[in-house]
Amino acid sequence: MSISGGSRNRLLATLLPADLDLLRPELETVALEQDAVLARAGDEIDYVFFPHSGAILLMIDMADGHTVATGAVGREGAVGSLSVLGASPSGITAVVRAAGTASRVPAPCFHAAFGRSPRIRQAIQKHVRSMLIQFQLGSACNALHPVEARMARWLLQLRDRVDSDVLPLTQQALSQILGVRRTTVTLLMRNLRKRGAIRSDQRGRIEIDRARLLAAACECHRAMRFEAEEIFSGDTGRTRGMTLADDPRISEVEADDTV
């Protein structure tokens, strides 16, 4: 893959050739197989991944065996980049939820490039800010919003990253993402089908109606996209009183889902 020629990863695409040259000797393109674990909680981070396609979920594993998703990463971000903060075990398990491809670089190589390149540091700082917004809004969403709205939000977050209305998901995977029982997911799926937000639920695949799913979701999905776009665009000129619906970038981003 020619990284300098038009990487689909948003972070790599912002780098200049001189920055990429710091990574290129050890940068390789790898397949992201569905259900592959890129980092496991408690283990040292060996690689930093820059997805070009597909979707990766960041999962928290509880002592009683329960799991819950805390964030999603696609071609807008990276997995393992927080290792620049210092050597420590990963706090999350990063699982490929939708197959794709990524560029990966050994963590020590990335750490060295991070220390030498202000532009790489700036790109990672933007990514970290975006993820913090996702974590913060996600925490509030989990505490305040009904589980059906949260499920709709997660389906939309995955749809944003795979650019398809057919999502590679099982009900078991959704129960792990939401941290609820599978019987609860079955009931929620039935409700969303009645609303037309889900067209079909075949084994291992869920086909959604994006417009109706947006109506079923809470405001957190649009808020996450809005804040992330503001961070990456560097636009500090908007009025803080402006609503999400008033900002033209939201409709532009939503209209650009097939790109």
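About the cut-offs
- Residues numbered from 1 in each chain as written.
- Predicted model: local features only at pLDDT ≥ 70, side-chain atom pairs only at ≥ 80, totals over all residues.
- Heavy atoms only, no water.
- Helix = DSSP H or I, 4+ residues; strand = E, 2+ residues; numbered from the N terminus.
- Buried < 20%, exposed > 50% of the residue type's maximum accessible area, 1.4 Å probe, protein only.
- Areas by Shrake-Rupley, 256 points an atom, 1.4 Å probe, with all protein chains shown as cover.
- 1 Å grid on protein atoms, 1.4 Å probe; cavity = no way out; pocket = protein on both sides within 12 Å on 5 of 7 lines; lining within 4 Å.
- Points joined across faces, edges and corners; volume = space filled by probe spheres on them.
- Pairing = 2+ DSSP bridges.
- pLDDT = per-residue confidence, 0-100.
- Contact = heavy atoms within 4.5 Å.
- Salt bridge = Lys/Arg side-chain N within 4 Å of Asp/Glu carboxyl O.
- Core = buried A, V, L, I, M, F, W, Y, C linked by side-chain atoms within 4.5 Å.
- Axes fitted to C-alpha atoms, helices over the stretch in contact; angles between N-to-C directions.
- Parallel < 35°, antiparallel > 145°, perpendicular 65-115°, else oblique.
- Nonpolar A, V, L, I, M, F, W, Y, C, P; charged D, E, K, R; others polar.

**Some remarks on the overall build of the protein chain**
Along the protein chain, the regular secondary structure elements total 10 helices and 10 strands. Counting over 259 residues, the protein chain shows a buried share of 47%. Counting every atom, the protein chain has about 12,400 Å² of accessible surface; 52% of that belongs to carbon and sulfur.

**Describing the layout of surface pockets**
Empty space among the atoms becomes apparent when a probe as large as a water molecule is rolled across them. Considered as a void within the structure, the second largest pocket measures approximately 360 Å³ in volume. Forming the boundary of the second largest pocket are 21 residues, of which Ile 45, Gly 80, Ser 81, Leu 82 and Ile 92 lie nearest the centre. Sort the elements by how many residues they give to the lining of the second largest pocket and helix H4 (residues 118-144) lands first, with five residues.

**A closer look at the pairing of strand S4 (residues 55-61)**
Taking burial as the measure, the seven residues of S4 include five buried ones, the bulk of the element. When S4 meets strand S6 (residues 93-98), the two strands line up antiparallel, connected through five bridges. Counted as the bridge partner of Ala 55 is Ala 98 from S6. Inspection of the sheet shows S4 paired to strand S5 (residues 67-73) by six bridges, in the antiparallel sense. Counterpart to Met 59 in the pairing with S5 is Ala 69. Linking S4 back to S5 in an antiparallel pair, the connection comprises five residues, with Gly 65 at a positive phi of about 95°.

**Topic: the confidence of the model for the protein chain**
For the protein chain, the mean per-residue pLDDT works out to 86, and 87% of the residues sit at or above 70. Predicted confidence for residues 1-6 stays below pLDDT 50, and this span has 13 contacts to residues more than four positions away or in other chains.

**Re the pattern of salt bridges**
Enumeration according to the criterion identifies 13 salt bridges in this entry. Residue Asp 163 pairs with Arg 75 through a salt bridge whose shortest N-O separation is 3.0 Å. Of the two residues, Asp 163 is situated in the loop between helix H5 (147-162) and strand S8 (166-167) and Arg 75 in the loop between S5 and S6; the sequence distance between them amounts to 88 residues. Residue Asp 163 is classed as partly exposed on the basis of its relative accessible area of 22%. Asp 209 serves as the salt-bridge partner of Arg 199, at 3.7 Å between the closest nitrogen and oxygen. Of the two residues, Arg 199 sits in strand S9 (residues 198-202) while Asp 209 sits in the loop between strand S10 (205-208) and helix H8 (210-216), which places them 10 residues apart along the sequence. By relative accessible area, which is 45% here, Arg 199 ends up partly exposed. Here Asp 209 falls in the buried class, since its relative accessible area comes to 15%. A network of salt bridges, in which partner residues are shared, links Arg 8, Arg 75 and Asp 163.

**Side note on the nonpolar core**
Within soluble globular proteins, side chains that are nonpolar tend to cluster in buried spots. Counting residues in each nonpolar core, the largest one holds 30 residues, and the members touching the most others are Met 151, Leu 155, Leu 169, Leu 174, Ile 177, Leu 192 and Leu 213. Contributing elements (two or more residues each) for this core: S4, S5, S6, H5, helix H6 (171-178), helix H7 (182-194), S10 and H8. With six residues, H5 is the largest single contributor of residues to this core. Other than its neighbours up to four places away in sequence, Ile 177 contacts Leu 57, Met 59, Val 68, Ala 69, Arg 97, Trp 154, Leu 158 and Leu 169.

**Let's talk about the packing of H5 against H7**
With their axes 10 Å apart at the nearest point, H5 and H7 run at an angle of 80° to one another. As judged from the angle between their axes, H5 and H7 are roughly perpendicular. Here Val 147, Glu 148, Met 151 and Leu 155 of H5 lie close against H7, whose contacting residues are Val 185, Leu 188, Met 189, Asn 191 and Leu 192. Classifying every residue of the contact of H5 with H7 by side-chain character gives seven nonpolar, one polar and one charged.

**Concerning empty space enclosed by the protein**
Under the definition given, this model contains two cavities of 30 Å³ or more. Estimated volume of the largest cavity: approximately 50 Å³. As for the largest cavity, its lining consists of Leu 11, Leu 12, Leu 15, Leu 23, Phe 50, Phe 110, Ile 120, Ala 123 and Ile 124. Among the elements of the structure, helix H1 (10-13) and H4 are those that each provide at least two residues to the lining of the largest cavity. It is H4 that provides the largest number of residues to the lining of the largest cavity, a total of three residues. The residue makeup of the lining of the largest cavity, split by class, is nine nonpolar, no polar and no charged. Approximately 40 Å³ is the volume attributed to the second largest cavity. Forming the boundary of the second largest cavity are Val 166, Ser 200, Gln 202, Arg 205, Ile 206 and Glu 207. Counting residues per element, the ones that place at least two in the lining of the second largest cavity are S9 and S10. A total of three residues in the lining of the second largest cavity trace back to one element, the largest contributor, which is S10. Its residues assigned to classes, the lining of the second largest cavity shows two nonpolar, two polar and two charged.

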